[in-house]
Amino acid sequence: MSNIFGSIQELIGLVFGLAALVLAVFGFVDALRHRPDAFTAAGKLSKPIWLAILGVAVALAFYTVLSPFSMIWILAVVGAGVYMADVRPALRRVMGHGR
């Protein structure tokens, strides 16, 4: 029985690891698509800074895809999460695609 629970735990960890990687890659690609002046108009950090943050998040998420919930994995999720929750909606409002 404990082998089944170990397998389930590993599967859940893999799902979370892959989700963090997808989140970081999506954020990075989304940031690439926006014009540099949109970041300034939204009152956020510049585009190169966000690309650096998200690039590091992608690298960290890739590095920790098989061992989620470590401190490095949390840093990757926080970097990509802040972009997705704060910066991306502001960019969409500035570009006229948001609410």
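The rules behind each value
Residues numbered from 1 in each chain as written. Predicted model: local features only at pLDDT ≥ 70, side-chain atom pairs only at ≥ 80, totals over all residues. Heavy atoms only, no water. Helix = DSSP H or I, 4+ residues; strand = E, 2+ residues; numbered from the N terminus. Rg over C-alpha atoms; globule rule 2.2 N^0.38 Å. Contact = heavy atoms within 4.5 Å. Lys, Arg positive; Asp, Glu negative; His and termini not counted. Charge placed at Lys NZ, Arg CZ, Asp CG, Glu CD. Core = buried A, V, L, I, M, F, W, Y, C linked by side-chain atoms within 4.5 Å. Buried < 20%, exposed > 50% of the residue type's maximum accessible area, 1.4 Å probe, protein only. Expected span 1.5 Å × (residues − 1). Arc of directions from axis to C-beta. Salt bridge = Lys/Arg side-chain N within 4 Å of Asp/Glu carboxyl O. pLDDT = per-residue confidence, 0-100. Phe/Tyr/Trp six-rings, centres within 6.5 Å; stacked < 30°, edge-to-face > 60°.

## A closer look at the overall build of the protein chain
Then step 1. Each helix and strand in the protein chain was counted, giving 4 helices and 0 strands.
Then step 2. Helices (α) and strands (β) of the protein chain occur, in sequence order from the N terminus, as α-α-α-α.
Then step 3. Here the C-alpha radius of gyration of the protein chain, 16 Å, is well above what a compact globule of 99 residues would show, namely 13 Å.
Then step 4. The C-alpha extent of the protein chain, read off along each of the three principal axes, is 55 × 25 × 15 Å.
Then step 5. Put simply, 67% of the contacts in the protein chain that link residues at least 6 apart link residues at least 24 apart.
Then step 6. Here the protein chain carries 8 positive and 4 negative side-chain charges, and the mean point of each set is 10 Å from the other.

## Examining the nonpolar core
Then step 1. Membership of the largest hydrophobic core comes to 18 residues, with the highest contact counts inside it found for Phe-39, Tyr-83 and Leu-91.
Then step 2. Where this core is concerned, the elements lending two or more residues are helix 1 (2-33), helix 2 (36-41), helix 3 (47-63) and helix 4 (71-95).
Then step 3. In this structure, Tyr-83 is in contact with Gly-27, Asp-30, Ala-31, His-34, Phe-39, Trp-50, Leu-54, Arg-88, Pro-89 and Leu-91, ignoring residues within four places of it in sequence.

## Considering helix 3
Then step 1. Here helix 3 spans 24 Å end to end across 17 residues, near enough to the 24 Å set by a 1.5 Å rise per residue.
Then step 2. Buried residues of helix 3: Lys-47, Trp-50, Leu-51, Leu-54, Ala-57, Val-58 and Ala-61, and no others. Taken end-on, helix 3 shows its buried residues confined to a sector of 125°, consistent with a single buried face. In this structure, helix 3 carries Pro-48 and Tyr-63 as exposed residues pointing more than 90 degrees from its buried face.

## Quick word on the pattern of salt bridges
Then step 1. Enumeration over the complete set of coordinates arrives at 4 salt bridges.
Then step 2. With a shortest N-O distance of 3.1 Å, Lys-44 and Asp-86 are connected by a salt bridge. Taken together, the residues Lys-44 in the loop between helix 2 and helix 3 and Asp-86 in helix 4 connect sequence positions 42 residues apart.
Then step 3. A relative accessible area of 25% places Lys-44 in the partly exposed class.
Then step 4. When salt bridges that share partners are traced, they join Asp-30, Arg-33 and Arg-88 into one network.

## So, the confidence of the model for the protein chain
Then step 1. With 95% of its residues at a pLDDT of 70 or more, the protein chain has an overall mean of 93.
Then step 2. No element of the protein chain has a lower mean pLDDT than helix 1, which averages 92, and none a higher one than helix 3, which averages 98.

## Considering unusual backbone geometry
Then step 1. The backbone phi angle of Phe-69 is positive, close to 70°, even though this residue is not glycine.
Then step 2. As for its position among the elements, Phe-69 is in the loop between helix 3 and helix 4.

## Let's talk about the packing of aromatic side chains
To describe a pair of aromatic rings, you give the distance between the ring centres and the angle between the ring planes.
Then step 1. In this structure the tally under the stated criterion is 3 aromatic pairs.
Then step 2. Centroid distance Phe-69 to Trp-73: 4.8 Å. Interplanar angle 55°. Geometry classified as tilted.

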